[in-house]
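Survey of secondary and tertiary structure
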Amino acid sequence: IASAKKKIAHHAKIDEEDIRYLDARPGGDMNILRHFIAVHHESRSMVLAIRGTLSVSGALIDLNAYDCQFNGGVAHEGIANMADNIWKASGSTILELFKEKGLTNYRFVITGHSLGAGTACLLNIKCHNEKLLGDRPVRCYGFAPPPVYKISTNAMVTKKAVEAAMNNCICYIHGNDCVPFLSVFSVRRLSASLDAVDNVTEDMFLPTRVKMAVGIESVPETLVRSVEEAPRRIREERGGSRLIIPAKHVLWLFKTRNRDYIGTSCDPHTLSLLEIAVRLEHLEMTTDHMPECYEDALDALTSHNGLPQQ
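For the structure given in this document, a descriptive report is provided here. (Residues numbered from 1 in each chain as written. Predicted model: local features only at pLDDT ≥ 70, side-chain atom pairs only at ≥ 80, totals over all residues. Heavy atoms only, no water.)

**Comments concerning the pairing of strand β3 (residues 45–50)**
With 6 of its 6 residues buried, β3 lies for the most part within the structure. Where burial is concerned, the two faces of β3 agree: the one with Ser45, Val47 and Ala49 and the one with Met46, Leu48 and Ile50 are both buried. Summarising the sheet, strand β2 (residues 35–40) and β3 pair through 6 bridges and their orientation is antiparallel. Across the sheet, the residue bridging to Ala38 is Val47, located in β3. Joining the antiparallel neighbours β2 and β3 is a turn of 4 residues, in which Arg44 adopts a positive phi near 55°. Direction of pairing for β3 relative to strand β6 (residues 107–113): parallel, over a ladder of 6 bridges. (Buried < 20%, exposed > 50% of the residue type's maximum accessible area, 1.4 Å probe, protein only. Helix = DSSP H or I, 4+ residues; strand = E, 2+ residues; numbered from the N terminus. Pairing = 2+ DSSP bridges.)

**Focus on the nonpolar core**
Leu48, Phe108, Ile110, Leu122 and Leu133 are the most contacted members of the largest nonpolar core, which totals 59 residues. For this core, the leading source of residues is helix α3 (residues 77–97), giving 8 residues. Here Leu133 is in contact with Trp87, Ile94, Leu95, Phe98, Phe108, Cys127 and Val138, once residues within four sequence places are set aside. (Core = buried A, V, L, I, M, F, W, Y, C linked by side-chain atoms within 4.5 Å. Contact = heavy atoms within 4.5 Å.)

**Examining the state of the cysteines**
Scanning the model with the defined rule gives 0 disulfides in all. Of all cysteine sulfurs in the structure, the one in Cys171 sits closest to Cys121, which takes part in no disulfide; the separation is 3.6 Å. (Disulfide = S-S within 2.5 Å.)

**Quick look at the sheet that holds strand β7 (residues 138–143)**
By way of backbone hydrogen bonds, the strands of a sheet pair with one another, either parallel or antiparallel. Spatially, the 8 strands line up as an open sheet ordered β1-β2-β3-β6-β7-β9-β10-β11, and their pairing is mixed. Of all the strands in the sheet, the pair left with one neighbour each is β1 (19–23) and β11 (261–266). Each strand of the sheet is rotated relative to its neighbour by a mean of 20°, with strand direction disregarded. Relative to β1, helix α1 (residues 2–12) is tilted by about 120°, and along the sheet it contacts β1 and β2. Along the sheet, α3 makes contact with β1, β2, β3 and β6, crossing β2 at roughly 20°. (Axes fitted to C-alpha atoms, helices over the stretch in contact; angles between N-to-C directions.)

**Focus: the packing of aromatic side chains**
A full pass over the atoms with the stated rule returns 5 aromatic pairs. Ring geometry for Phe181 versus Trp252: centroids 5.5 Å apart, planes at 45°, classification tilted. In this pair, Phe181 is assigned in the loop between β9 (169–174) and α6 (184–201) and Trp252 in strand β10 (residues 249–255), connecting sequence segments 71 residues apart. For Phe181, a relative accessible area of 4% puts it in the buried group. (Phe/Tyr/Trp six-rings, centres within 6.5 Å; stacked < 30°, edge-to-face > 60°.)

Put into structure tokens, the structure is as follows:
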């Protein structure tokens with residue numbers, strides 16, 4: 001743990017003693033994501049940083065993708081459990097730290113990458129809705145989060161709290177990262193498109209299909225229409241709602257031809273309508289998900305003043 005603290009402190013450019021708690025149990029935990037709590041005096045913040053999927057246990061949580069009731073809406077069940085479990089494990093430590101002299105007026109910041117980002121987003125909602133820290137300001141920054149939440153139309157009591165949580169959350173997507181578009185709903189829409197291709201092409205002669213595949217013969221208009229229309233017929237079902245990234249803005253980071261970066265601010269609801277198939281066309285769909293890619297992009301933006309475009 002001492003070695004891990006030293007490495008984290010060096011990378012985050014903070015003093016080692018400002019890392020106040022580190023959860024780094026060997027082998028991981030099926031119920032609690034690894035995380036650490038640090039004090040960042042420059043921004044007057046207490047930071048909870050949650051690690052993403054780097055273990056088998058994390059991958060199993062990713063597979064538990066159906067939704068459940070969560071704080072005035074529905075959420076990705078596995079990630080909602082992670083948010084609850086992290087607070088059960090470290091909530092009392094966080095509350096005690098805020099009682100220390102010099103930290104009583106600090107804000108609370110939750111951040112994470114990938115699965116950790118989705119967990120951070122849901123914990124942000126939980127903090128606002130359940131008033132876990134009273135009236136203390138809570139902020140959330142998620143990097144490569146999957147869609148994890150949808151507010152219920154009947155949740156008038158909690159709607160203001162959830163909107164406050166989303167207004168205090170900003171998330172980021174890098175390049176062709178596919179994770180921010182993965183959900184049960186998006187996979188069902190992708191399956192509908194694939195079924196449409198099979199239905200239209202199953203009676204075609206094999207040579208015709210081969211020619212279309214290699215671009216020698218044009219794709220019939222009937223096939224194009226079928227692929228476009230099939231996802232629109234998919235409706236939300238219990239356990240497979242159309243979830244969104246619960247943030248005020250999602251900043252999509254793109255590399256330009258001169259290897260610089262620009263950031264485009266996107267509406268989370270609009271992003272949820274983009275087809276996962278578009279992301280799967282790119283070879284970078286997994287490499288663009290790496291934390292180092294996000295760090296490089298943000299370093300480039302801050303050093304070259306790459307301001308977001310609406």
